[in-house]
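What follows is the residue order along each chain.
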Amino acid sequence: MTERVITCINCPMGCRMTVSLNDAGEVVSVTGNTCKRGEKYAHQEVTAPVRMVTAVVPVAGSVCPLSVKTREPIPKGKIFDCMAALRELKLNAPIRAGETVLPDVCGTGIDVIATRSVG
Ligand code: SF4
């Protein structure tokens, strides 16, 4: 049996939770969470952690860089590959907010989208 202490990042309360795992790495209990979202986050974090990725990328024809983000969280282990793919991205204006700028980033099945428009 092992224990991990993690902080829930789902709201500003930032509850510190203790997750107990059995020898097979399965979650046995979660304590310290104030709501069910924390328990769900704890399970995800110790078994298959994910994160949203945000970045800014240059756009040909625009003086301002474009802010982008993954449409959904991606596996934590793919973050560096995702950032490398974003560094290689070549975009041209115009781009609309919500438009996909990099589909299926690093084979995650998740798109990177623009978070604002550039004309
Ligand atoms: S457990 Fe609930 S209340 Fe606590 S930080 Fe997470 S979402 Fe917020």
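Residues numbered from 1 in each chain as written. Predicted model: local features only at pLDDT ≥ 70, side-chain atom pairs only at ≥ 80, totals over all residues.

## What to know about the domain arrangement of the protein chain
Here the protein chain is partitioned into domain 1 (2-47) and domain 2 (54-114). Here domain 1 and domain 2 have C-alpha centroids that lie 30 Å from each other. (Domains from an automatic or database assignment.)

## Side note on the pairing of strand β1 (residues 2-7)
Buried residues are scarce in β1, accounting for zero of its six residues. Where β1 lies against strand β2 (residues 16-21), six bridges are found, and the strand directions are antiparallel. Of the residues in β2, the one forming a bridge with Ile6 is Met17. (Buried ≥ 20, exposed ≤ 12 C-beta atoms within 10 Å, placed from the backbone. Helix = DSSP H or I, 4+ residues; strand = E, 2+ residues; numbered from the N terminus. Pairing = 2+ DSSP bridges.)

## Some points on the nonpolar core
Membership of the largest hydrophobic core is limited to 12 residues, which are Val53, Val59, Leu66, Val68, Ile74, Cys82, Ile95, Leu102, Val105, Ile110, Val112 and Ala114. Breaking this core down by element, the ones donating at least two residues are β7 (66-70) and β11 (112-114). In this structure, Val59 is in contact with Pro65, Leu66, Leu91, Asn92, Ala93, Ile95 and Val118, ignoring residues within four places of it in sequence. (Core = buried A, V, L, I, M, F, W, Y, C linked by C-beta atoms within 7 Å. Contact = placed C-beta atoms within 7 Å.)

## Let's talk about unusual backbone geometry
Residue Pro94 follows Ala93 across a cis peptide bond; omega there is 0 degrees. Within the secondary structure, Pro94 is located in the loop between β9 (91-92) and β10 (100-102). The phi dihedral of Asp104 is positive, around 45 degrees, even though this residue is not glycine. For Asp104, the position within the fold is in the loop between β10 and β11. Residue classification places Asp104 among the exposed residues on the basis of 11 C-beta atoms within 10 Å. One non-glycine residue, Cys106, adopts positive backbone phi at about 55 degrees. Residue placement: Cys106 occurs in the loop between β10 and β11.

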